[in-house]
Amino acid sequence: MRRLSLSIWVGTIVLPALACSGGPPPDTVAPMPASALVFGTDRLVIGDSIREVVRDRNRWDEVWARARTAEPSAQLPTPIDFSREMVLVAAAGRMDTGAQIRIDSVGVRGDDLIAHVVTIRDCRDFTSDVYPLVMVRVARDERPVRWIERSERTERCR
């Protein structure tokens, strides 16, 4: 009987109190809204597969200037307030025609900022080199970014 009352006490008082007083933080990873897209292309801007977090104006000016060399007609995005925002950059490197890259969702999980990156391969009869690249704006966060990678194929590949 004593064991039963102890387990009831632990289950009804102790565990809820622990959960309210700093239990594991909630998982806030959520899909990226379309409005977060800053720039995307499949032209050669960055030849390698990279993941980068841009947290300051100087680095952003370098990244944006590089993007503009490949896409001179690219419109300058709405100004980025680096005191409140940052830019996540994902490049897939050299791939075949139809390939894409996207940052699917972003959020906090534990002590990390999580960014889910999806690379999509396409199986076309005619191929040429493309270099998929995407840049999205997110709320500024000083936590380390953990990139979670997923690869998909289009229906043509099945």
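One structure accompanies this document, and this report is about it. (Residues numbered from 1 in each chain as written. Predicted model: local features only at pLDDT ≥ 70, side-chain atom pairs only at ≥ 80, totals over all residues. Heavy atoms only, no water.)

1. Quick word on the overall build of the chain
The criterion, for reference: In this description a helix means any DSSP run of H or I spanning at least four residues, a strand means any run of E spanning at least two, and both kinds are numbered starting from the N terminus. To sort residues, take the accessible area from a 1.4 Å probe on protein chains only and compare it with the maximum for the residue type: under 20% means buried, over 50% means exposed, and anything in between is partly exposed. Two residues form a contact once any of their heavy atoms are found within 4.5 Å. What sets the accessible areas is the Shrake-Rupley method with a 1.4 Å probe; for residues, cover comes only from the shown protein chains.
Looking only at helices and strands, the chain features two helices and ten strands. Scanning the chain from its N terminus toward the C terminus, one meets helices and strands in the order α-β-β-β-α-β-β-β-β-β-β-β. Taking all 158 residues of the chain together, the buried fraction comes to 39%. Taking the contacts inside the chain whose residues are at least 6 apart along the sequence as the reference set, 82% of them involve residues at least 24 apart. Total accessible area on the chain stands at roughly 9900 Å², and carbon and sulfur atoms take up 53% of it.

2. Points about the sheet that holds strand β7 (residues 112-121)
Basically, it comes down to this: Between any two strands, pairing holds if DSSP finds at least two bridges.
Pairing is mixed in the open sheet, where four strands are placed in the order β1-β6-β7-β10. Whereas interior strands pair on both sides, the edge strands pair on one side only; in this sheet they are β1 (30-31) and β10 (145-153). Alignment of β1 against strand β6 (residues 100-109), held across two bridges, turns out to be antiparallel. Across the sheet, residue Ala30 finds its bridge partner in β6, namely Val106.

3. Digging into the pairing of β6
A regular strand places its side chains on the two faces of the sheet in alternate fashion. In this sheet, β7 lies alongside β6 in antiparallel orientation, the contact comprising nine bridges. Its bridge partner lying in β7, Ser105 is registered against His116. In this antiparallel pair of consecutive strands, β6 and β7, the connection spans two residues, and Gly110 shows a positive phi of 65°.

4. A look at the packing of aromatic side chains
Heads up, the condition is: Note on aromatic pairs: the rings of Phe, Tyr and Trp (six-membered ring only in Trp) are paired at centre separations within 6.5 Å, and the planes decide the class, stacked below 30 degrees, edge-to-face beyond 60, tilted for the rest.
Summed over all chains, the structure comprises two aromatic pairs. Ring geometry for Phe39 and Trp64: centres 5.4 Å apart, planes at 85°, overall edge-to-face. With Phe39 in strand β2 (residues 37-41) and Trp64 in helix α2 (residues 57-70), the pair connects residues that are 25 residues apart, well separated along the chain. Residues Phe39 and Trp64 agree in their burial class; the two are buried. A ring pair is formed by Trp60 and Trp64, whose centres lie 5.7 Å apart and whose planes are at 25°; its orientation type is stacked.

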